[in-house]
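Breakdown of the fold
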Amino acid sequence: MEDTAGSNPQSLGFTEKLKSWLSWSWTYVCFIWFGMVLIMIYVLWSPLKLSQVHCHYSDRIFEWWYFRKYGTSFIEQVSVSHLVSGKYVYKCKVWRNPLNLFRGAEYNRYTWVTGKEPLTYYDMNLSAQDHQTFFTGDIPQLRPEDAVMQKAWRERNPQARIRAAYQAIEMNHECAAAYVLLAEEEATTITEAERLFKKALSIAGKDINLLVYIKRRLAMCARKLGRIKEAVKMMRDLMKEFPLLGMLNIHENLLEALLELQAYADVQAVLAKYDDISLPKSATICYTSALLKARAVSDKFSPEAASRRGLSTAEMNAVEAIHRAVEFNPHVPKYLLEMKSLILPPEHILKRGDSEAVAYAFFHLQHWKRAEGALNLLHCTWEGTFRIIPYPLEKGHLFYPYPGCTETADRELLPSFHEVSVYPKKELPFFILFTAGLCSFTAMLAMLTHQFPELMGVFAKAFFSTLFAPLGFFADKMESFMPSSFWHQLTRI
């Protein structure tokens, strides 16, 4: 009894100390946990764009309140004044591809070989509207053959278009637009297409739209048939004869032909005229400028040497030109570096979109391969652009922010078998994926427990007994080593 009574003050003192230590430690553990939560929110504030989420839901609540009170949408009330305020609003305008292929001689041959349609209905419908406006839009009074051709451009079936063209020729043997349609769609070779275009040119008269279209296509025929110098002369003459038709982008045909001739000084002269801050840019302009600057240094460029000594002025200019081009159209490098497979280019393109990247790389990949080391320099430097513009949809560097509407428009322009390149990639952070998975797993467990309570109880007991089996084994081992008085004091706590 005395021994027990004598030991009680000591045991009670130890118990009180242990309790006070545990309460003290838990207090600080709570503070540490709260601090870690704050640190995590601070670290993830920018990557997860929590400020935008907060603003988004705040705007939603305000919009709901405004609608309940006034019976109309606050966004609709301010949208008109916002659009006319002069703030830049990017519109996904579709442009005619300056180097579009011939349907009969090129697109249809692809269909015959592969069984796949390289053009979408949306793309062909845009071409029909172009031809209808270009060839018959300025005629004050339509002749019977012109009315037939208007209907021909709208026909969805290629054979129906060709039959309508022959019908127009029967009505008037000098219907140049009908020969243009036959050259585009019935001719199965470039040589045959060129013959029909020459026939159309001889009877085109003074119709400027027809003359420009036919001469341009004749120049493209010469380029495809290997008569490149003749093609260059025809394009230069066309640009001098009709200097106000710059929106047709004939200079892009000229740049490609000059690159094929390796006339780099002439290419630079064309760029000096058209790579102007006041003129709209294109992938052809930006990447051709980058190619010329890369070509000057790429044959001796080495990433290891550059990392040791730093970049020279010429190398820095080349890298900046590549960054500029990639910012304008970030889809092009994967095609030039053959990280993505190429397809036939569409008849219409969206600037800064995947359709423009396909069209550019289809014709210009050979020019990058010809410049020794140019693709290696592009491979080493193109991804550095994304460090300059970490949030491209919000703010650009040299150009306006990247438009968010390109993916939808490109999916309408490019065939379904092509995997459309998307920028920026819509990748969710791991934290969001983990949280979503955890919530889904918890919801599934709750549903199963509600539906099968007994079965889930048995499963939970088996699961936890298996989970804590190593811990029980460890506790038994510890009990065999520790004195019994220590465990007695812990049980009293």
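Above this text sits the structure in question.
Description of the structure in this document. Please read these numbers as outputs of a predicted model, since none were measured by experiment.

**Some remarks on the overall build of the protein chain**
Within the protein chain, the secondary structure is distributed over 25 helices and two strands. When the 493 residues of the protein chain are sorted by exposure, 39% land in the buried category. In the protein chain, 66% of the contacts between residues at least 6 apart in sequence involve partners at least 24 apart. If you sum the accessible surface of the protein chain, you get close to 30000 Å²; carbon and sulfur atoms cover 62% of it.

**A look at the packing of helix α5 (residues 121-136) against helix α10 (residues 208-224)**
Each pair of packed helices gets described by two things: the angle between the helix axes and the distance between those axes. One way to put it is that α5 packs onto α10 with a least axis distance of 7 Å and a crossing angle of 125°. The angle between α5 and α10 falls in the class oblique. Where α5 abuts α10, its residues His131, Phe134 and Phe135 lie against Asn209, Leu210 and Tyr213. Tallied by class, the residues present in the contact of α5 with α10 amount to four nonpolar, two polar and no charged.

**Quick word on unusual backbone geometry**
The step from Tyr423 to Pro424 runs through a cis peptide bond, and the omega angle for that step is -10°. Mapped onto the fold, Pro424 is located in the loop between α21 (406-413) and α22 (430-451). The phi torsion at Glu338 lies on the positive side, around 55°, for a residue other than glycine. Counting through the fold element by element, Glu338 comes out in the loop between α17 (332-336) and β2 (348-350).

**Structural notes on the side chain of Asn249**
You can see Asn249 is positioned in the loop between α11 (228-241) and α12 (250-261). Excluding its chain neighbours within four sequence positions, the residues that come into contact with Asn249 are Trp95, Pro98 and Arg216.

**Regarding a nonpolar patch on the surface**
Residues Phe441, Met444 and Met447 make up a contiguous nonpolar surface patch of roughly 300 Å² in combined accessible area. Locating Met447 in the fold gives a position in helix α22.

**Some points on the packing of aromatic side chains**
What the rule picks out here adds up to eleven aromatic pairs. Centre to centre, the rings of Tyr402 and Tyr423 are 5.0 Å apart; their planes meet at 90°, and the pair counts as edge-to-face. Placement of the pair is Tyr402 in the loop between α20 (385-388) and α21 and Tyr423 in the loop between α21 and α22, with a sequence separation of 21 residues. For Tyr423, a relative accessible area of 15% translates into the label buried. A cation over an aromatic ring shows up here: Arg295 above the ring of Tyr264, its NZ or CZ 3.8 Å from the ring centre. A cation over an aromatic ring shows up here: Lys351 above the ring of Trp95, its NZ or CZ 4.1 Å from the ring centre.

**Looking at the nonpolar core**
Core analysis: the biggest nonpolar cluster contains 59 residues, and Tyr287, Leu336, Trp368 and Leu378 have the highest contact counts within it. Setting aside chain neighbours within four positions, we find Trp368 in contact with Tyr287, Ala290, Leu291, Leu336, Tyr360, Ala374, Leu375 and Leu378. Core analysis: the second largest hydrophobic core is formed by 35 residues, Val148, Ala176, Ala183 and Ala200 among them.

What counts as what
- Residues numbered from 1 in each chain as written.
- Predicted model: local features only at pLDDT ≥ 70, side-chain atom pairs only at ≥ 80, totals over all residues.
- Heavy atoms only, no water.
- Helix = DSSP H or I, 4+ residues; strand = E, 2+ residues; numbered from the N terminus.
- Buried < 20%, exposed > 50% of the residue type's maximum accessible area, 1.4 Å probe, protein only.
- Contact = heavy atoms within 4.5 Å.
- Areas by Shrake-Rupley, 256 points an atom, 1.4 Å probe, with all protein chains shown as cover.
- Axes fitted to C-alpha atoms, helices over the stretch in contact; angles between N-to-C directions.
- Parallel < 35°, antiparallel > 145°, perpendicular 65-115°, else oblique.
- Nonpolar A, V, L, I, M, F, W, Y, C, P; charged D, E, K, R; others polar.
- Patch = residues over 30% accessible without salt bridge, like charges linked within 9 Å, V, L, I, M, F, W, Y side chains within 5 Å.
- Salt bridge = Lys/Arg side-chain N within 4 Å of Asp/Glu carboxyl O.
- Phe/Tyr/Trp six-rings, centres within 6.5 Å; stacked < 30°, edge-to-face > 60°.
- Lys NZ or Arg CZ within 6 Å of the ring centre and 35° of its normal.
- Core = buried A, V, L, I, M, F, W, Y, C linked by side-chain atoms within 4.5 Å.

Remember that the coordinates give geometry; whether it matters functionally is a separate question.
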